[in-house]
Amino acid sequence: MDTSSRRIRHTDTPPPRTGNSETAVLRGFLDYLRDSLAAKVEGAPEPQVRRAAVPSGTNLLGLLNHLTYVERATFLGARITDWPATFDASPSHTAADVVTRYRESVTAANEVLDRCADPGAPLPRSRPGEPAPTVRWALAHMIEETGRHAGHADILRELIDGSTGR
């Protein structure tokens, strides 16, 4: 597919300059990735934002919907019983709805993190029979998960309208 005539170039946002503590660095990079991914979905046209561009069925809106559930499970203790279903955004939800739900989940997750001073301590959530992960593990996991899907989103958005950059 030739997108050269419609390529939209955005200036890349450089990695964040954060505080010196371990937690400040991890949170700074996680927020950077969160913002980059949400920006890939904002303004993406319907129905292309839902269209699978690869055989697995992965689509831009589904990625952000999935990460909403991952944020809730990791930081808020939500129990997710059907992970594959989290990649499917409801047809009744617009891209703006999915972005809003994602940003609300991120805000709630950050409120939990704001109360966590020790990166080695468990997150303050409970799931009977399951120990909570440490703050450090949760942040590292979310950086990995969000970064992985942000890379997918970069490619999917470029295929939709030629938009590149963070």
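The structure displayed is predicted, hence computed values, not measured ones. (Residues numbered from 1 in each chain as written. Predicted model: local features only at pLDDT ≥ 70, side-chain atom pairs only at ≥ 80, totals over all residues. Heavy atoms only, no water.)

1. What about the overall build of the chain?
Short version of the rule: Helix numbers and strand numbers start at the N terminus; a helix is a DSSP run of H or I with at least 4 residues, a strand a run of E with at least 2. Radius of gyration: C-alpha atoms only; globule rule: 2.2 Å multiplied by the number of residues to the exponent 0.38. Residue exposure (1.4 Å probe, protein chains only): buried if accessible area is under 20% of the type maximum, exposed if over 50%, otherwise partly exposed. Residues are treated as being in contact if the distance between any of their heavy atoms lies within 4.5 Å. Only the protein chains shown count as covering a residue, and every accessible area follows the Shrake-Rupley method with a 1.4 Å probe.
Helix and strand counts for the chain come out as four helices and two strands. Along the chain, helices and strands appear, N-terminal first, in the series β-α-α-α-α-β. For 166 residues, the compact-globule estimate of 2.2 N^0.38 gives 15 Å, and the C-alpha radius of gyration of the chain, at 17 Å, lies within 12% of that figure. With 166 residues in all, the chain has 41% of them scored as buried. Across the chain, every contact between residues at least 6 apart in sequence was considered, and the portion connecting residues at least 24 apart equals 70%. When the accessible surface of the chain is summed, it comes to about 8,800 Å², and 55% of that surface belongs to carbon and sulfur atoms.

2. A few points about the nonpolar core
As a reminder of what qualifies: Nine residue types can take part in a nonpolar core, namely buried Ala, Val, Leu, Ile, Met, Phe, Trp, Tyr and Cys, and a core is a set of them joined through side-chain atoms within 4.5 Å.
Counting residues in hydrophobic clusters, the biggest one holds 33 residues, and the most contacted among them are V41, L60, F75 and L123. Of all elements in the fold, only α1 (22-41), α2 (60-76), α3 (95-114) and α4 (135-161) reach the threshold of two or more residues within this core. L123 has contacts with T74, F75, V112, L113, C116, A132, P133, T134, V135 and A138, leaving out every residue within four places of it along the chain.

3. Structural notes on the packing of α2 against α3
For clarity, the threshold we go by: Between N-to-C directions, angles cover 0 to 180 degrees, with each direction set by a line fitted to C-alpha atoms, over the stretch in contact for helices. The cut-offs work like this: below 35 degrees is roughly parallel, past 145 is roughly antiparallel, 65 to 115 is roughly perpendicular, and the gaps in between are oblique. When the near helix sits turned anticlockwise from the far one by under a right angle, the crossing is termed left-handed; a clockwise turn instead gives a right-handed crossing. Polar here means any residue outside two lists: the nonpolar Ala, Val, Leu, Ile, Met, Phe, Trp, Tyr, Cys and Pro, and the charged Asp, Glu, Lys and Arg; Gly therefore counts as polar.
Put simply, α2 and α3 touch, their axes get as near as 9 Å, and they point 20 degrees apart. The angle between the axes of α2 and α3 places the two elements in the roughly parallel class. Between α2 and α3 the crossing geometry is left-handed. Here α2 contributes L61, L64, N65, L67, T68, Y69, E71, R72, F75 and L76 to the contact with α3, which in turn contributes A95, V98, V99, R101, Y102, S105, V106, A108, A109, V112 and L113. Broken down by class, the residue content of the contact of α2 with α3 amounts to 15 nonpolar, three polar and three charged.

4. Let's talk about the environment of N59
Heads up, the condition is: Pairs of N or O atoms are called polar contacts if they sit within 3.5 Å, as long as, within protein, a hydrogen donor faces a hydrogen acceptor (for residues adjacent in sequence, only side-chain-to-side-chain pairs).
Inspection of the secondary structure assignment puts N59 in the loop between α1 and α2. Along the primary structure N59 and T18 are separated by 41 residues, whereas in three dimensions their C-alpha atoms are 32 Å apart. The residues touching N59, leaving out its near neighbours within four places in the chain, are V49, R50, R51, A52, F87 and L156. A polar side-chain atom of N59 sits 3.5 Å from the main-chain carbonyl oxygen of R50.

5. A word on the confidence of the model for the chain
For the record, the criterion: Confidence of the predictor at the level of single residues is given by pLDDT, which spans 0 to 100.
Mean pLDDT over the chain: 90, with 92% of residues reaching 70 or higher. Across residues 1-5, where pLDDT falls below 50, the model places three contacts with residues more than four positions away in sequence or in other chains.

6. Some points on α4
Stated formally: Here a helix's expected span is defined as the number of its residues, less one, multiplied by 1.5 Å.
Between its first and last C-alpha atoms α4 spans 38 Å; for 27 residues at 1.5 Å apiece the expected length is 39 Å, and the two agree. G162 lies just past α4 and shows a positive phi near 85 degrees.

7. Topic: unusual backbone geometry
Cis geometry marks the peptide bond from E46 to P47, where omega comes out at -5 degrees. With respect to the secondary-structure elements, P47 resides in the loop between α1 and α2.

8. Section: the side chain of R34
Within the secondary structure layout, R34 lies in helix α1. In this structure the side chain of R34 is engaged in a polar contact, spanning 2.7 Å, whose partner is the side chain of D31. Discounting chain neighbours no more than four positions away, the residues touching R34 are E71, F75, Y102, V106, A109, N110 and T146.

9. Observations regarding the packing of aromatic side chains
The following threshold applies: Note on aromatic pairs: the rings of Phe, Tyr and Trp (six-membered ring only in Trp) are paired at centre separations within 6.5 Å, and the planes decide the class, stacked below 30 degrees, edge-to-face beyond 60, tilted for the rest. Two thresholds decide whether a charge sits over a ring: the Lys NZ or Arg CZ must be within 6 Å of the ring centre and within 35 degrees of the ring normal.
Counted according to the given criterion, the structure contains one aromatic pair. Measuring from ring centre to ring centre gives 6.5 Å for F29 and Y32, while their planes differ by 80 degrees; the resulting arrangement is edge-to-face. One end of the pair, F29, and the other, Y32, are both in helix α1, three residues apart, so they sit about a helical turn from each other. Exposure remark for F29: the relative accessible area of 33% places this residue in the partly exposed category. If you follow R72 out to its NZ or CZ, it ends over the ring of Y69, 5.8 Å from the centre.

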